[in-house]
Amino acid sequence: MTISIWRYSHLTLAISSSIFILLATLTGIVLAFEPVSNQLKPYAVKNADTFSLSKTIENLKSEYDDIISIEMDKNDFVIATVFTNEGKNETFYINPFTAKKIGNLIEKAPIFKFATNLHRSLFLKSTGRAIIGFISFLLLLMAITGVLLIIKRQGGKKHFFSKIIKEGSNQYYHIIIGRYALIPLIIITISGVYLSLEKFSLLPSDKNVHISNKEISTEASKLNMTDFDLFKSITLNDIECVEFPFSNDVEDYFVLKLKDKELYVNQYNGEVISQKKDGFVTLASSYSMILHTGQGTIIWAIVLLLTCFSILFFMFSGFSMTFDRRKNRIKIKNKFSKDAAEYIILVGSETGSTFGFAKVLYNALIAQGKSVFVSELNTYSSYKKAAHLVVFTSTYGDGEAPANARYFEKLVRTIPQKNKLQYSVVGFGSLNYKSFCKYAIIVDALLQSHQKFIPNLSLRKINNQSFIAFKNWVDFWSKSKGLNLEIEKPEKISHSKLFKVINKSKINSDHSFLIELEPTQKTHFASGDLLSIYPKNTHTERLYSIGKIGNNVLLSIKKHEFGICSNYLNQLKENDMLFADIKQNKAFHFPTSAKEVVMISNGTGIAPFLGMINNENHNHIKTYLFWGGRTKESYQMYSKHIDKAFYNKKLSGIYLSFSNEENQKKYVQNALAENEELISRVLKNKGVIMICGSITMRNGVLETLENISSSKLNIPLNMNQIKTDCY
Ligand SMILES: Cc1cc2nc3c(=O)[nH]c(=O)nc-3n(C[C@H](O)[C@H](O)[C@H](O)COP(=O)(O)O)c2cc1C
């Protein structure tokens, strides 16, 4: 069963019951304070629970005219109902050691009365009780589907408690809190359902009956009740209630309600006349009440209170996630039918974002007058005129197919294809998962083994929906098809912000330059975010990794001979203005809690790190920078920022590698291998390694890190410690 089935069940249950759950939870929060406030009242007497019943009776007898009942309530307060010496019938809390009254019975506060009525029956009597019972059941089902959802997304039962990969705060805390709140939530819902069934007499009745021990002795000799062995041996902790006989008639007896049974006791000699053990149904009712209300235990009442708060958070975060998912869903209206199109784009997506990339390619092809058809992998079919197939697919669970691609493999094997199609597969995944883009790998292998599909470009894996990496692939792909595709600006980007050029360096021997831009309005961003630029008169977006210097944006740009954007930026002068937009890239922000950080980059990939070491390393986390360039001269441009960080003790080491210096040719990978002690220590101490620059460099670096981890630490590289932003 796939993740989406559980998600839909979970969501449907949530939507269908949300209003009632909200009411029950809010009133539950109020009611959780009742046992807490009761327990805080000063009627508990130290060690009263170990005091014998016999002594309690003796004390009461000396203080009052007659005793009607003694009760130990859920808060462990002792309640006595007596006739006072003035002949009044009164009920109050007593101190059993002195039998003195210590307070009047607590009256339920109006707020608790109101909340109880709303919580139990919505002020709708039996109908309301039935609704609430049913909602409790739905909440139980939600907890169960939630567990199944976590198991699925974590890739199996044994990973239930493994580290959760943070895709967003709502999703992350929904799962983290869900794991903590699970047990209390199940207890609350089961006990709630049980109490409702009890109210509607839908539970089997207790079969246990009173079993009489002996005939009632009518012998005249009468013992004093305080001398009864039974009363001497029973403590207040054992009893729930003792009812005294109404008359002196020997047939009238004491009724002792204990924790697990009821006894009738002869009022003349203290013998047990008959007893009834509580059956399962009675015990379960009593425990359900305690567990559902938290009566008598502050700690459990607080657990219930926190669980209610977590339900509120589940509602908020759950609906926010659904809302975001829907927002991401992109509809593509096909201009051509599947049999009329030359280009087929098939998409595998769980939460919709991959469709955004498909739409960008679709629009670019349509703009060039091509016939294109886009659909989901699950709708794979035969295509009469198609010559090119592009598959964009994400990966879910533990390397599984996304929801709309489940049947693709089967369809490819069963549906005959008339034409031969050139195909390319692009995987959208995340390096945080150990099966990076695994489903794309499966699809690529499947198509490779199929006679009707001819490979065009090799599989491309894209991490974290990197638009730069995607753009890069589109350039390759369009060249391979003899096209010159212009990727149109994605719909969601608005180019509303104006930036002023503050500084621009000269071009260095690597054909790179630094440019510093000042936002003209208040703008929130961090190093590692991306600046999206559309050069004048083009629809082509360029994304650059930002280094934040003060409140300014620092970019490191490589000027390409025919690069539209790099040439556009290069011709800008101080005080020139340009429109651009900031795209958050939280996955590549400087870690705030790591012990040590290693930054690895080549070429212009250094830009975000220049910002991080100066602007974001507030806690002086030990940070080491590895950088690879062509020559020593290429480094000069960055040295000012590096020196400043060293001076402020925000950088602990720099390791430079030059690929074009005579006699000392070196790449960043070599520098990493030379410093394997440092790297293995950082990996071992749960440090973070950040990589920014070219994909070729990233691949080489990951291979070196993998080698260091397995040779020095005897464990595979933990991808959760790696953050990348490569293109
Ligand atoms: C629960 C979950 C499991 C994931 N599992 C993997 C995985 O095993 N391998 C991978 O490369 N990416 C994995 N990802 C990342 C997604 O594939 C990636 O974010 C993708 O861009 C989402 O595209 P979509 O919104 O079109 O589904 C997972 C994401 C989530 C939320």
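What counts, and where the lines are drawn
Residues numbered from 1 in each chain as written. Predicted model: local features only at pLDDT ≥ 70, side-chain atom pairs only at ≥ 80, totals over all residues. Helix = DSSP H or I, 4+ residues; strand = E, 2+ residues; numbered from the N terminus. Contact = placed C-beta atoms within 7 Å. Near = placed C-beta within 6 Å. Nonpolar A, V, L, I, M, F, W, Y, C, P; charged D, E, K, R; others polar. Pairing = 2+ DSSP bridges. Axes fitted to C-alpha atoms, helices over the stretch in contact; angles between N-to-C directions. Buried ≥ 20, exposed ≤ 12 C-beta atoms within 10 Å, placed from the backbone. Parallel < 35°, antiparallel > 145°, perpendicular 65-115°, else oblique.

**Considering the overall build of the protein chain**
The helix and strand inventory of the protein chain stands at 18 helices and 27 strands. In the protein chain, 73% of the contacts between residues at least 6 apart in sequence involve partners at least 24 apart.

**Observations concerning the environment of leucine 11**
One can find leucine 11 in helix H1 (residues 3-39). When the C-alpha atoms of leucine 11 and threonine 145 are compared, they prove to be 9.5 Å apart, with 134 residues separating the residues in sequence.

**Some words on the site of the ligand**
Close to the ligand lie 24 residues; Ser349, Thr354, Ser394, Gly429 and Tyr433 are nearest. When residues of the shell around the ligand are traced back to their parent elements, those giving at least two are helix H9 (353-367) and strand S13 (421-429). Here the residues of the shell around the ligand sort into 6 nonpolar, 13 polar and 5 charged.

**Regarding the sheet that holds strand S20 (residues 547-549)**
An order of S19-S18-S22-S16-S17-S21-S20 is seen for the 7 strands of this open sheet, with the pairing classed as antiparallel. Each of the sheet's edge strands pairs with one partner strand only, and the pair in question is strand S19 (542-545) and S20. For this sheet the average axis-to-axis angle between neighbouring strands, irrespective of direction, equals 45 degrees. Where strand S18 (residues 530-533) and strand S22 (residues 577-583) come together, 4 bridges link them in antiparallel fashion. When the bridges of S22 are listed, isoleucine 533 appears paired with alanine 580.

**So, helix H2 (residues 53-63)**
Residues of H2 that are buried: Leu53, Ser54, Thr56, Ile57 and Asn59. Buried residues along H2 sit in contact with strand S1 (66-72), helix H6 (229-233) and strand S6 (239-243).

**What to know about the pairing of strand S15 (residues 460-463)**
Every second residue of S15 is oriented toward a common face, with Arg460 and Ile462 on one face and Lys461 and Asn463 on the other, all of them buried. With 4 bridges connecting them, S13 and S15 associate as parallel partners. Each bridged residue has a counterpart across the sheet, and for valine 426 the counterpart in S15 is arginine 460.

**What about the packing of helix H17 (residues 676-684) against helix H18 (residues 695-713)?**
Their axes nearest at 10 Å, the elements H17 and H18 cross at an angle of 80 degrees. With respect to H18, the element H17 is oriented roughly perpendicular. Packed against H17, whose contacting residues are Glu676, Ile679, Ser680, Leu683 and Lys684, the element H18 presents Leu705, Ile708, Ser709, Lys712 and Leu713 at the interface.

As far as function goes, none of this settles anything; it's purely spatial.
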